[in-house]
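Close look at the chain arrangement
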Amino acid sequence: MNPFSIYVHIPFCNLKCNYCDFYVVIKHDKKNPLLYSLLREIDYFSEIYQDKGYLQTIYFGGGTPSIVEPSYLAQIINKLTKIFKHPEDIEITIESNPNTIDEAKLKEFLAIGINRLSIGVQSFNDDDLKYLTRDHDRNTALQSIEAAARAGFENINIDLMFSIPGQTLDDWKENLRIAVQLPIKHISAYSLTLEPGTSLYYQSKRGLIYLPSIEQDADMYEFTMDFLPENGFVQYEVSNFSKPGYESIHNLNYWYRINYLGFGPSSHSLWDNRRWHNYRNISKYIDTVNQNRNAIKDEEFLNPTEIYNERIYLGLRSRGINLKQLEEEFNINLLKHEERFFNELLKNGFCIIENDMLRLTKKGYLLVDEICEQLML
Ligand code: SF4
């Protein structure tokens, strides 16, 4: 039996951050109807997929799923783990924000089976946090991590962001120095991107803000790729670093193109190269589930070229591409297909090949998008 993952989107947040393009709602009046619809949607898909694999990970994302009561999430976890076969140590992650968790609530999360906590810290610098319109400060962030450790969470991730306007390389170094002293096992370090539709995006279009230059962004990223491994955090994807054995299985499954089911408004699913996504509106989601028992807005069947491109893109961003398997699946010898390009990449240290695995080096990660573009069909 093959593994699969489940993502549950809880869209509630206290505020909408100025850089955020996730589907988020500030009003929480539809909390209970949402739960009812989630449970109904799970029932619908369980009839189709119950015997098609075993459930390896559950991920509560959002939004800020830590806003809702543990008993709310427990209803979802109990249903999923009752329906689907799963290992004893199934990985269950919740995303959280520092202002929404305290020791008592975190203990309850552990008690209902959640064993991985991801905290949206973003920065330990109050100026950065104000800039990003976050509703927490440095002290709250530090206290939330300490509370999580005291509550008994062993597997803690923090999200950190670089290339924030006004942030210097020294500011970023200070964030990382603080992070590696904390009782955490995983760091996701992202460069701020301006997503169309966000408030920061419009400010930048109007010339009101300036992101750090490409060179400054590269300096921060290069420092991250040197500093975190020196402090015990192994890089296993472009933006993700963990202590050995604490890689996010859920994320690895996405990068290996393992099947996943998404529940909730705006969630995406992939099963045997059929891809679909739900309505990105809580009312529409609830109404559609009430009518159809699912809320699929669109679906597509990926063709071999699209699958190949995903293998290239996801593999190069994470643990690499198995060249032998790629050739068996698509009848393409990647090295021969792009011989001159690979000669250059290898000569200049952008990638390495070991036991049929093609991997990008740190230098290669800096150019991952450009390299993928060249290799995709
Ligand atoms: S807390 Fe997270 S999900 Fe909510 S608005 Fe901010 S960035 Fe978006």
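Residues numbered from 1 in each chain as written. Predicted model: local features only at pLDDT ≥ 70, side-chain atom pairs only at ≥ 80, totals over all residues. Heavy atoms only, no water.

Quick notes on unusual backbone geometry
Just so we agree on the cut-off: The helix count covers DSSP runs of H or I at least four residues long, the strand count covers runs of E at least two residues long, and both are numbered beginning at the N terminus.
Residue glycine 63 is bonded to the preceding glycine 62 through a cis peptide linkage, with omega at 20°. For glycine 63, the location among the structural elements is in the loop between strand 2 (54–62) and helix 2 (70–83). Positive phi, normally seen in glycine, also occurs at serine 266, with a value near 75°. Looking at the secondary structure, you find serine 266 in the loop between strand 9 (260–263) and strand 10 (268–271).

Here we look at the nonpolar core
Definition in use: Here, the term nonpolar core denotes a set of buried Ala, Val, Leu, Ile, Met, Phe, Trp, Tyr and Cys residues that are joined through side-chain atoms within 4.5 Å. Burial classes: relative accessible area under 20% of the type maximum marks a residue as buried, over 50% as exposed, and values in between as partly exposed (1.4 Å probe, protein chains only). For every domain, the bounds stem from an assignment made automatically or drawn from a database.
In terms of nonpolar packing, the biggest core is built from 99 residues, with Ile10, Phe60, Ile76, Phe124, Ile158 and Leu334 touching the most fellow members. Ranked by residue count, the leading element in this core is helix 1 (residues 31–49), at seven residues. Both domains that furnish three or more residues to this core are identified here as domain 1 (3–255) and domain 2 (321–375). In this structure, Leu132, Ile164, Leu192 and Ile209 belong to the second largest nonpolar core, which totals 11 residues.

Brief notes about the site of the ligand
Selection criterion: By convention in these notes, a residue is near a molecule or strand provided one of its non-hydrogen atoms lies within 4 Å of it. Ten residue types, Ala, Val, Leu, Ile, Met, Phe, Trp, Tyr, Cys and Pro, are classed as nonpolar, four, Asp, Glu, Lys and Arg, as charged, and the remainder, Gly among them, as polar.
In the neighbourhood of the ligand, the contacting residues comprise Cys13, Leu15, Lys16, Cys17, Tyr19, Cys20, Val24, Gly63, Thr64, Asn97 and Arg134. Along the lines of polarity and charge, the residues of the shell around the ligand split into six nonpolar, three polar and two charged.

As for the packing of helix 1 against helix 10 (residues 282–292)
Note the following rule: Angles here are taken between N-to-C directions and fall from 0 to 180 degrees, while the axes themselves are lines fitted to C-alpha atoms, restricted in helices to the stretch in contact. Each angle is binned into one of four classes, with values under 35 degrees roughly parallel, values over 145 roughly antiparallel, values of 65 to 115 roughly perpendicular, and all other values oblique. With the far helix as reference, a near helix turned anticlockwise by less than a right angle produces a left-handed crossing, and one turned clockwise produces a right-handed crossing. Throughout, a contact is declared for two residues whenever any of their heavy atoms are within 4.5 Å.
Their axes nearest at 9 Å, the elements helix 1 and helix 10 cross at an angle of 45°. When the interaxial angle is binned, helix 1 and helix 10 end up oblique. Crossing angle aside, the handedness with which helix 1 passes helix 10 is left-handed. Along its contact with helix 1, which presents Pro33, Leu34, Tyr36, Ser37, Leu38, Arg40, Glu41 and Tyr44, the element helix 10 presents Ile282, Tyr285, Ile286, Val289, Asn290 and Asn292.

Considering the pairing of strand 14 (residues 351–354)
Filter applied, for reference: Two strands are counted as paired when DSSP detects at least two bridges linking them.
Note: strand 14 against strand 15 (residues 357–360), four bridges, orientation antiparallel. Paired with isoleucine 352 across the two strands is arginine 359, which belongs to strand 15. Adjacent in sequence and paired antiparallel, strand 14 and strand 15 are bridged by two residues, among which asparagine 355 carries a positive phi angle near 45°.

Structural notes on the layout of surface pockets
Rolled over the atoms, a probe with the dimensions of a water molecule shows which regions are left empty. Rules: Lining residues are defined by having an atom within 4 Å of a point belonging to a cavity or pocket. Those points lie on a 1 Å grid over the protein atoms alone, cavities being sets where a 1.4 Å probe fits but cannot get out and pockets being open sets with protein on both sides within 12 Å along at least five of seven lines. Grid points are joined across faces, edges and corners, and a volume is the space filled by probe spheres set on the points.
Reported here for the second largest pocket is a volume of approximately 330 Å³. Taken together, 16 residues form the lining of the second largest pocket, with Tyr256, Arg311, Gly320, Asn322 and Gln325 sitting closest to its centre. Of all the secondary structure elements, the ones that give two or more residues to the lining of the second largest pocket are helix 11 (304–317), strand 13 (321–322) and helix 12 (323–330). The leading source of residues in the lining of the second largest pocket is helix 11, at four residues. Across the lining of the second largest pocket, the residue classes tally to six nonpolar, five polar and five charged.

Comments concerning the pairing of strand 1 (residues 3–10)
For clarity, the threshold we go by: Seen with its strands pointing away from the viewer, a crossover is right-handed if its path from the first strand over the helix to the second goes clockwise.
Buried residues dominate strand 1, accounting for eight of its eight residues. Here strand 1 shows no split at all, with Pro3, Ser5, Tyr7 and His9 on one side and Phe4, Ile6, Val8 and Ile10 on the other all buried. Viewed along the sheet, the connection from strand 1 through helix 1 into strand 2 turns out right-handed. Relative to strand 9, strand 1 runs parallel, the two sharing four bridges. Along strand 9, the bridge assignment pairs isoleucine 6 with leucine 261.

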